[in-house]
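# Close look at the chain arrangement
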Amino acid sequence: GDSVTQTEGPVTVSESESLIINCTYSATSIAYPNLFWYVRYPGEGLQLLLKVITAGQKGSSRGFEATYNKETTSFHLQKASVQESDSAVYYCALAMTNSAGNKLTFGIGTRVLVRP
Amino acid sequence: GPKVLQIPSHQIIDMGQMVTLNCDPVSNHLYFYWYKQILGQQMEFLVNFYNGKVMEKSKLFKDQFSVERPDGSYFTLKIQPTALEDSAVYFCASSFINTEVFFGKGTRLTVV
């Protein structure tokens, strides 16, 4: 089946430092799945951070970027300078979208702690 | 933004009893989902539901599980009877057609 592997947390960084969370995927049900990063801030529900549906394209949101690389089957999340408010759990996911809706396959999540 | 509401946030139930988890999805959404996350593991797809029918379910969606959305109100997940291995956080989600999936905060189910 489909699977997503991402950096194990927790990852601790200092404010204004750079952050990278690695994500690789294996998709057996579809050649080019849609790729997502979701985020859960403390006390909040899971919310979409960014998504890319075309191989080779880059998605960005709130200073975060991720590029869909079909050669390496990767979708790493990066931010050049983190803030304390970026402390959260980040989930990489892939989806097959069809008439049955969006079925998401998630990674285990990476907890990020940003020190002031 | 749009909210998916799950009530209650935590539920404790005796093994063998029935439990119903309630979800109030985003009002104009058409697709509804349940995901299950056991502590320390990945969030996993259970089932999706559209137009009054189960469209797809995973192997985690045991015969003891059922879903429904009577009269367009709450989208519910019923487990009858519950087992110890059903202890997990259950996340409800909804989406329109091929658009962003919105998640609730989850209901932590503890089966004792």
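See the structure printed just above.
So, how was this worked out
Residues numbered from 1 in each chain as written. Chains lettered and ligands numbered in written order. Predicted model: local features only at pLDDT ≥ 70, side-chain atom pairs only at ≥ 80, totals over all residues. Heavy atoms only, no water. Core = buried A, V, L, I, M, F, W, Y, C linked by side-chain atoms within 4.5 Å. Buried < 20%, exposed > 50% of the residue type's maximum accessible area, 1.4 Å probe, protein only. Helix = DSSP H or I, 4+ residues; strand = E, 2+ residues; numbered from the N terminus. Contact = heavy atoms within 4.5 Å. Salt bridge = Lys/Arg side-chain N within 4 Å of Asp/Glu carboxyl O. Polar contact = N/O pair within 3.5 Å; in protein donor to acceptor, adjacent residues only side chain to side chain. Disulfide = S-S within 2.5 Å. Pairing = 2+ DSSP bridges. Axes fitted to C-alpha atoms, helices over the stretch in contact; angles between N-to-C directions.

On to the nonpolar core, then. Among the nonpolar cores identified, the biggest contains 26 residues, and Leu19, Trp37, Leu49, Leu50, Phe75, Leu77 and Tyr90 of chain A are the most heavily contacted of them. Where this core is concerned, the elements lending two or more residues are strand S2 (11-14), strand S3 (19-21), strand S4 (23-26), strand S5 (34-40), strand S6 (47-52), strand S8 (64-67), strand S10 (88-98) and strand S12 (110-115) of chain A. The element contributing the most residues to this core is S10 of chain A, with four residues. Setting aside residues up to four positions removed in sequence, Leu50 of chain A forms contacts with Leu35, Phe36, Trp37, Gly59, Ser60, Ser61, Phe64, Glu65, Ala66, Phe75 and Leu77 of chain A. Judged by nonpolar contacts, the second largest core, of 23 residues, contains Val4, Ile13, Val47 and Phe61 of chain B.

This part takes up the interface of chain A and chain B. Taken together, the contacts link 20 residues of chain A with 21 residues of chain B. The tally of links between chain A and chain B comes to one salt bridge. Between Lys103 of chain A and Glu56 of chain B there is a salt bridge; the shortest N-O distance is 3.1 Å. In this assembly, chain A and chain B are joined by seven residue pairs in polar contact (both at pLDDT 80 or more). Going through the elements one at a time, S5, S10 and strand S11 (101-106) of chain A are the ones with two or more residues in the side of chain A that touches chain B. Here the side of chain A that touches chain B gets five residues from one element, more than from any other, and that element is S11 of chain A.

Another point: the state of the cysteines. Residue and element names in this part refer to chain A. By the definition in use, this model includes two disulfides over all chains. Each sulfur in the disulfide pair Cys23 and Cys92 lies 1.9 Å from the other. Negative torsions about the S-S bond denote left-handed disulfides, and the value of about -70° found for Cys23 with Cys92 makes this one left-handed. In this pair, Cys23 sits in strand S4 while Cys92 sits in strand S10, placing the two residues 69 residues apart along the sequence.

Residues and elements named next belong to chain A. Pairing is antiparallel in the open sheet, where four strands are placed in the order S3-S9-S8-S7. Each end of this open sheet is capped by a strand with a single partner; those strands are S3 and strand S7 (58-61). Across the sheet, the mean angle separating the axes of adjacent strands is 20° when strand polarity is ignored. Taken together, the three bridges between S3 and strand S9 (residues 77-79) define a ladder with antiparallel strand orientation. Across the sheet, the residue bridging to Leu19 is Lys79, located in S9.

Now for the sheet that holds strand S8 (residues 75-79) of chain B. Residue and element names in this part refer to chain B. In space, the four strands of this open sheet follow the order S1-S3-S8-S7, with antiparallel pairing throughout. Two strands in the sheet have a free side with no partner beyond their single neighbour: strand S1 (5-7) and strand S7 (65-68). Averaged over neighbouring strand pairs, the angle between their axes works out to 20° when direction is ignored. Strand direction decides the pairing type here: S1 and strand S3 (residues 19-24), joined by three bridges, are antiparallel. Considered in S3, the bridge of Leu5 is made with Asp24.

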